[in-house]
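Topology and contacts: notes
Here is how the chains run, residue by residue.
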Amino acid sequence: MSTSSVSSTTSYWKTPTTTAADTDSTTGTSSLDFEDFVELLATELKYQDPQDPVSSTEYVAQLAQFGALDKLNTIGNSVDAYQAYDLIGKSVTYATTDASGASTSATGTVDSVTVKSGTAYLNIGSTQIALSSVSQVAEASS
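The structure reproduced in this document is the subject of the present report.

Calculation notes
Numbering of residues starts from 1 in every chain and runs along the sequence as written. Side-chain atom pairs in this predicted model are given and counted only at pLDDT of 80 or more, local residue features only at pLDDT of at least 70, and totals for whole chains, interfaces and linings cover all residues. With hydrogens and water set aside, each side-chain value is computed from the structure's full complement of heavy atoms. Each patch is built from residues lacking any salt bridge and having more than 30% relative accessible area; the joining distance is 9 Å for like charges and 5 Å for nonpolar side chains (Val, Leu, Ile, Met, Phe, Trp, Tyr). Surface exposure here means Shrake-Rupley accessible area, sampled with a 1.4 Å probe, where a residue is shielded only by the protein chains that are shown. What makes a salt bridge here is a side-chain nitrogen of Lys or Arg within 4 Å of a carboxyl oxygen of Asp or Glu, nothing more. A helix here means a DSSP run of H or I that spans at least four residues, while a strand means a run of E at least two residues long, and both kinds are numbered starting from the N terminus. In this analysis, strands are considered paired if DSSP registers two or more bridges between them. Angles run from 0 to 180 degrees between N-to-C directions of axes, and those axes are lines fitted to C-alpha atoms, restricted for helices to the stretch in contact. For every residue, the accessible area obtained with a 1.4 Å probe (protein chains only) is divided by the maximum for its type, and the residue is called buried under 20%, exposed over 50%, and partly exposed between those limits.

**Observations regarding a nonpolar patch on the surface**
- A surface patch of nonpolar side chains, amounting to about 350 Å² of accessible area, comprises Leu69, Leu72, Ile75 and Val79.
- Locating Ile75 in the fold gives a position in helix 2 (residues 56-86).

Here is the structure:
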């Protein structure tokens, strides 16, 4: 039986600064979408010093950076989904948290994959786990 480890995926495109309303309760990170970017840009324009305005090329550069980060986010989600689909039919060991909050390890065969809001989840029997919870992968025993 061949085994290999799957590393936890990290979202590098998430912004490190958060507000209580924007915080993802499971990861403690937040993300900006295009509407958030435009709102920040409008606020920045509203409060800039008229005697020392920010160059329009800086705004264009910020918009280009935001577009690039958005594309990287899309690519990252696609890679995660492909990794998850590759695990169908394989035995995985994953971390779970029980009702008392204790972390335990379980093993099962991946039946299918569900993608919700760009995040891939593995369906193992009636359990749905995040791809990042997987610690080990092995070919399923016959």
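Moving on, there is more to tell.
**Describing the sheet that holds strand 6 (residues 127-130)**
- The strand order across the open sheet built from three strands is 4-5-6, with neighbouring strands paired in antiparallel fashion. Each of the sheet's edge strands pairs with one partner strand only, and the pair in question is strand 4 (112-116) and strand 6. The mean angle between the axes of side-by-side strands here comes to 35°, regardless of whether they run parallel or antiparallel.
- Two elements, strand 5 (residues 119-124) and strand 6, share four bridges in a ladder whose sense is antiparallel. Across the sheet, residue Tyr121 finds its bridge partner in strand 6, namely Ala130.

**Remarks on the pattern of salt bridges**
- All chains considered together, the criterion is met by two salt bridges.
- We note a salt bridge from Asp86 to Lys90, for which the minimum N-O separation is 3.8 Å.
- Overall, Lys90 belongs to the buried group, its relative accessible area being 19%.
- One salt bridge in this structure joins Glu139 and Lys90, with 3.9 Å as the shortest N-O distance. Residue Glu139 is located in strand 7 (residues 134-139), and its partner Lys90 is located in strand 2 (residues 90-97); the two are separated by 49 residues in the primary sequence.
- Judged by its relative accessible area of 46%, Glu139 is partly exposed.
- Among the ionic contacts, a cluster of salt bridges with common partners joins Asp86, Lys90 and Glu139.

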